[in-house]
Amino acid sequence: MPELPEVEVVRAGLQRHVAGRTVAEVEVLHPRAVRRHVPGPVDFATRLSGRRFDAACRRGKYLWIELDGAAEAIVSHLGMSGQMLVQPVGTPDEKHLRVRVRFADDGPELRFVDQRTFGGLALTDVVAGLPVPIAHIGRDPLDPEFDLALGVAALRARRTEVKRALLDQTVVSGIGNIYADEALWRTKLHWSRAANGLSRPKAVELLEAATEVMREALVAGGTSFDALYVNVNGQSGYFDRSLAAYGQQDRPCGRCGTAIIREAFMNRSSFSCPKCQRAPR
């Protein structure tokens, strides 16, 4: 699923191409795409007609578009295969096109494409600058107002494995499976180490490593393993070429040459070096 760098790439593209434009018409082509909008597809389309897109915003892995007045927003859940594409009018429809937004200026339209239909769009209220469904999400390390000391304290307070704590979006947001594995590799920590057993300096090192790797991924346009994650122009990121741990099973560790291993974790996988990142006893 897209993590902070991938979502930030999409957010920046939306800010560039749709902010400040007024909606002329919304077409919902698949009801599952707006299933989180409880009043239904017709209400979703009707309420957006004539509204202006003010700004594209993000916190962690969560993306939304503020509407005129900033009291409401469209929250976008990209899921595993959701794409927000900006396409010239008349471009052939994508096979899995779910929602189309046409604008009053007759310029490029916004399309929500989702092969697996796990993602979706919803219109929601905004309170204190955040859409209601994501008000509980913590700040992310790339947020100018992120407090490293508070993040470290929250991480060390969790009585669970350190990777599980990193993935808890109420602790520090934006970090998912890929960048958690990369940050743990950089700090030589095994995913099963106890979060509340980390020293303060080690916890600082870990969050700084997560910040560093996500900044690097952002420059590379994010991480793409297939054609499902793309930016608003349909282009894939290329940070997967720089991954040291995630997805590198049986390849040599970049530090010591030991083969990277894969372990089951929360119905997913964790990748680590068995020599550099020794499991706790």
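Calculation rules
- Residues numbered from 1 in each chain as written.
- Predicted model: local features only at pLDDT ≥ 70, side-chain atom pairs only at ≥ 80, totals over all residues.
- Heavy atoms only, no water.
- Helix = DSSP H or I, 4+ residues; strand = E, 2+ residues; numbered from the N terminus.
- Expected span 1.5 Å × (residues − 1).
- Buried < 20%, exposed > 50% of the residue type's maximum accessible area, 1.4 Å probe, protein only.
- Pairing = 2+ DSSP bridges.
- Core = buried A, V, L, I, M, F, W, Y, C linked by side-chain atoms within 4.5 Å.
- Contact = heavy atoms within 4.5 Å.
- Axes fitted to C-alpha atoms, helices over the stretch in contact; angles between N-to-C directions.
- 1 Å grid on protein atoms, 1.4 Å probe; cavity = no way out; pocket = protein on both sides within 12 Å on 5 of 7 lines; lining within 4 Å.
- Points joined across faces, edges and corners; volume = space filled by probe spheres on them.
- Salt bridge = Lys/Arg side-chain N within 4 Å of Asp/Glu carboxyl O.

## Things to note about helix H1 (residues 4-17)
Move 1: Here H1 spans 20 Å end to end across 14 residues, near enough to the 20 Å set by a 1.5 Å rise per residue.
Move 2: Burial within H1 is extensive, with 10 of its 14 residues counted as buried.
Move 3: By the burial criterion, the buried members of H1 are Leu4, Pro5, Glu6, Val7, Glu8, Val9, Val10, Arg11, Gly13 and Leu14.

## A few points about the pairing of strand E8 (residues 120-127)
Move 1: Here E8 lies mainly inside the structure; six of its eight residues are buried.
Move 2: Relative to strand E9 (residues 130-131), E8 runs antiparallel, the two being bridged by two bridges. Residue pairing in the sheet places valine 126 in a bridge with proline 131 of E9.

## Section: the nonpolar core
Move 1: Ranked by size, the top nonpolar core spans 40 residues in total, and within it Leu155, Leu166 and Leu206 carry the most contacts.
Move 2: Of all the secondary-structure elements, those providing two or more residues to this core are helix H3 (148-156), helix H4 (162-167), helix H5 (177-186) and helix H6 (200-219).
Move 3: Ranked by residue count, the leading element in this core is H6, at eight residues.
Move 4: Non-local contacts of leucine 155, meaning those with residues more than four positions away in its chain, are made with Ala165, Leu166, Val171, Ala195, Leu198, Ala203, Leu206 and Leu207.
Move 5: Formed by 27 residues, the second largest nonpolar core is a distinct cluster that contains Ala45, Leu78, Val86 and Val99.

## Quick word on the sheet that holds strand E5 (residues 82-87)
Paired through backbone hydrogen bonds, the strands of a sheet run either parallel or antiparallel to each other.
Move 1: Pairing in this open sheet of four strands is antiparallel, and the strands run E1-E6-E7-E5 from one edge to the other. Where the open sheet ends on each side, the last strands, each with one partner, are strand E1 (23-28) and E5. For this sheet, the mean angle separating the axes of adjacent strands, direction not counted, is 15°.
Move 2: Helix H2 (residues 41-48) contacts E1 and strand E6 (97-103) of the sheet and is inclined by roughly 170° relative to E1.

## Some words on the environment of valine 28
Move 1: Secondary-structure assignment places valine 28 in strand E1.
Move 2: When neighbours within four sequence positions are excluded, valine 28 is seen to be in contact with Val34, Pro41, Phe44 and Arg98.

## Let's talk about the pairing of strand E11 (residues 268-272)
Move 1: With four of its five residues buried, E11 lies for the most part within the structure.
Move 2: With five bridges joining them, strand E10 (residues 261-265) and E11 adopt antiparallel strand pairing. Within E11, the residue paired with isoleucine 261 across the bridge is serine 272.
Move 3: Taken together, E10 and the strand that follows it, E11, pair antiparallel across an intervening segment of two residues, in which methionine 266 is found at a positive phi of about 50°.

## Remarks on empty space enclosed by the protein
Move 1: Applying the stated rule across the entire model yields one cavity of 30 Å³ or more.
Move 2: Its volume calculated, the largest cavity comes out at about 50 Å³.
Move 3: Lining of the largest cavity is provided by Ile65, Ile74, Met84, Val99, Val101, Leu110, Arg111, Phe112 and Leu121.
Move 4: Residue assignment for the lining of the largest cavity shows that the elements contributing at least two residues are E6 and strand E7 (109-114).

## Remarks on the pattern of salt bridges
Move 1: This model, assessed by the stated rule, comprises 26 salt bridges.
Move 2: Salt-bridge contacts for arginine 100 lead to glutamate 27; the nearest nitrogen and oxygen are separated by 3.0 Å. Residue arginine 100 is located in strand E6, and its partner glutamate 27 is located in strand E1; the two are separated by 73 residues in the primary sequence.
Move 3: The buried category is assigned to arginine 100, whose relative accessible area is 6%.
Move 4: Among the ionic pairs, glutamate 161 bridges to arginine 164, the shortest N-O distance being 2.9 Å.
Move 5: For glutamate 161, a relative accessible area of 24% gives the class partly exposed.
Move 6: In the salt-bridge network here, residues are joined through shared partners; they are Glu25, Glu27, Asp93, Glu94, Arg100, Arg102, Glu109 and Arg111.

## Focus on the sheet that holds strand E2 (residues 53-59)
Move 1: The five strands lie next to each other as E2-E3-E4-E8-E9, forming an open sheet whose pairing is antiparallel. What marks the edges here is a single partner per strand, and that holds for E2 and E9.
Move 2: With four bridges connecting them, strand E3 (residues 62-67) and strand E4 (residues 72-77) associate as antiparallel partners. Paired with leucine 63 across the bridge in E4 is serine 76.
Move 3: Of the strands in this sheet, E2 and E3 touch H1, which is tilted by about 170° from E2.
Move 4: Together, E3, E4 and E8 form the strand contacts of H2, whose direction differs from that of E8 by roughly 60°.

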